[in-house]
There are 2 protein chains.
Amino acid sequence: MELKEEFISLAHGGGGRLYQELVHDVFLPAFDNAYLRQLNDSAICPVSASALAMTTDGYVVHPRFFPGGDIGRLAVCGTVNDLCMSGAKPVYLSVSMILEAGLPISELRLICSSMAQAAKEAGVFLVTGDTKVVEKGRGDGIYISTAGVGLFPDGKDAYPQKIQAGDRILISGEIGNHGLCILAAREELGFDPAIESDVAPLHSLAEALQEGLPDIHAMRDPTRGGVASVVNEWAGDGLSIEIDEENLPVSSAVAAASNILGMDPLYVANEGKLLLALPEKDCEAALKIFHAHPLGKNAACIGRVIEDGRALSCVRSPYGTQRLLDLPYAEQLPRIC
Amino acid sequence: MELKEEFISLAHGGGGRLYQELVHDVFLPAFDNAYLRQLNDSAICPVSASALAMTTDGYVVHPRFFPGGDIGRLAVCGTVNDLCMSGAKPVYLSVSMILEAGLPISELRLICSSMAQAAKEAGVFLVTGDTKVVEKGRGDGIYISTAGVGLFPDGKDAYPQKIQAGDRILISGEIGNHGLCILAAREELGFDPAIESDVAPLHSLAEALQEGLPDIHAMRDPTRGGVASVVNEWAGDGLSIEIDEENLPVSSAVAAASNILGMDPLYVANEGKLLLALPEKDCEAALKIFHAHPLGKNAACIGRVIEDGRALSCVRSPYGTQRLLDLPYAEQLPRIC
């Protein structure tokens, strides 16, 4: 079955022949694997675990292609990253696409190929999917919702996600790239060099950390709302978090763009970064693991957890001044992921 | 945290305070359960199974409220039904919402309460979710993508989904209600009595059939594309399917509306019906199980599988004439689910 059309139409979203052509000509060749090939409404997949992690995210990023990635790569990596932050091994993904009539099928092919490539990198299978089409003016090209299942082998537990006084906070690399990349691409700001999104699957970095460090207290990928939102969430129960501004890895391109645009990289979304909390004694070992991994080369220890009864998160400037890292009222940029 | 706004705005889709308010004031009270309450990016859930079924569907139904249900009930039931058609026990659901700025929060509350009610009926947990907001004119109120995980206890297998010559085809009740209900609601056709959607979770009916019948050859819920699309897919490998028109359960309201609108109920979507293929010898036993269940009261044996080398599906009129049930080029109605 081969698609003769160049653009998605409402008819591609029905249960009929055109839908079958879309599946057989676009989705199956891109995502082929034994689970997907069952082609039933549910994919049947083996489980060898006593617990699973389940997550979902909707992706509405605009524009859908940007330096360093596209909505497809984002949709796979974001879901993989949510899973592996819990300590689970990401395994199965589902994909629900809501297409706007008029989307060029060539773009859909590019997005699918990019999803397939990201799934291969992350070692996950896209096992089942669904596609709906809405009228022109009722969507924006393509929205993707991915859900993911990760497995915990017997005996392996989920991370506690519980910081303690004295913990150090580490970040796996430079912050702010994804959000500023999207803003620049959307507004056609033309920074030179262009800021590239950091979108990447964190599974192997998370696995290396988990294997090498017995005592991880919390692990998160700082996406929407940036590093500030995660540390804000972590602070509580009388524990505060202090971030050292001078230790924050920020690329010169992001620093310059942030200055021009009046944005704070601490609040900007990342899509391939990992934030870690663990006892001070394990800090050196963690940095060694980070620096040995391609996604952790610029990792740094950026802060600490203190017991001061205030339960606040703040950032300390090189001059010793402090400012509060409050939870923002809303994301600075809509539709960054 | 309490929402002060009456309408969804772009800011509700950020990672910030407004998003938190939306989660705590709308989603958590509606869906509360131990897995969701973890409030991490992934929900950690126990598994006791050697295999799982995974499925996803996007819901873009228009209008979002209709006689007999709404997009929320549909999003839960559709995913539950896909899972239990495979023989799995539906357990965990994820929900990704794409909201259009301007959606009244009162409508979102109604939809969530309806999702929660359907989840309760089906015995499943909404364990994790995500919400994005797009600009006015880039969506249509609300789109929902649900993904679901079902479990196979050790020793229990997935249905083979493999019809055989001599099989009988049974349907659990009257067909065409959902699609015609949506069409009538959308076009404000005002049929009297109103046609109600049949949207319902099929888990307990599927379970009863599975327990009572050792030799089910195939089970499917005929949604988009209707009964015709499923039998069309089942026919193949030299096996044809004959449907007896006079045995098809069709309500008088649906029959009348179909006549007026020139539609064939065989091609119209159902959202709470189950199509079964099994050996002729088990037909009576199956009908007994159907008729004892609230969702199977109007079940009937509607056709048979024959080996004629043609691999076609057709419907036979009471006068003995036959017409082909070809796969439609596209669904007759866009956005019915």
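Up top you'll find the structure we're talking about.
Residues numbered from 1 in each chain as written. Chains lettered and ligands numbered in written order. Predicted model: local features only at pLDDT ≥ 70, side-chain atom pairs only at ≥ 80, totals over all residues. Heavy atoms only, no water.

**Student:** It is not clear to me how the packing of aromatic side chains should be interpreted in this structure. Could you clarify?
**Tutor:** In this description, an aromatic ring pair is defined by two values, namely the gap between the centres and the angle between the planes. Applying the stated criterion across every chain yields a total of 6 aromatic pairs over all chains. Here A:Tyr35 and A:Phe125 contribute two aromatic rings whose centre-to-centre distance is 5.2 Å and whose plane-to-plane angle is 75°, an arrangement assigned as edge-to-face. A residue pair is termed long-range when its members are at least 10 positions apart, and A:Tyr35 in the loop between helix 1 (17-31) and strand 1 (43-46) and A:Phe125 in strand 6 (residues 125-134) qualify at 90 residues. Classification of A:Tyr35 as buried rests on a relative accessible area of 18%. Given a relative accessible area of 34%, A:Phe125 falls into the partly exposed group. Here B:Phe27 and B:Phe31 contribute two aromatic rings whose centre-to-centre distance is 6.4 Å and whose plane-to-plane angle is 5°, an arrangement assigned as stacked. Here B:Phe27 pairs with B:Phe31, and both are found in helix 1 (residues 17-31), just 4 residues apart, close to one helical turn. Each member of the pair, B:Phe27 together with B:Phe31, is buried. Site record: aromatic cluster; members linked through ring pairs are A:Tyr35, A:Tyr92 and A:Phe125. (Phe/Tyr/Trp six-rings, centres within 6.5 Å; stacked < 30°, edge-to-face > 60°. Helix = DSSP H or I, 4+ residues; strand = E, 2+ residues; numbered from the N terminus. Buried < 20%, exposed > 50% of the residue type's maximum accessible area, 1.4 Å probe, protein only.)

**Student:** Mind showing me how you'd approach the sheet that holds strand 6 of chain A here?
**Tutor:** Within a sheet, neighbouring strands are paired by backbone hydrogen bonds and run either parallel or antiparallel to one another. Taken in spatial order, the 5 strands line up as 6(A)-5(A)-7(A)-2(A)-1(B) in an open sheet, and their pairing is mixed. With partners counted over all chains shown, the strands left at the sheet margins are strand 6 of chain A together with strand 1 (43-46) of chain B, one partner each. Between one strand axis and the next, the sheet turns through 20° on average, direction left out of account. By the bridge criterion, 4 bridges tie strand 2 (residues 51-59) of chain A to strand 1 of chain B in an arrangement that is antiparallel. Its bridge partner lying in strand 1 of chain B, A:Ala51 is registered against B:Pro46. Lying over the sheet, helix 2 (residues 71-85) of chain A contacts strand 2, strand 5 (89-100), strand 6 and strand 7 (142-152) of chain A, oriented at roughly 150° with respect to strand 2 of chain A. (Pairing = 2+ DSSP bridges. Axes fitted to C-alpha atoms, helices over the stretch in contact; angles between N-to-C directions. Contact = heavy atoms within 4.5 Å.)

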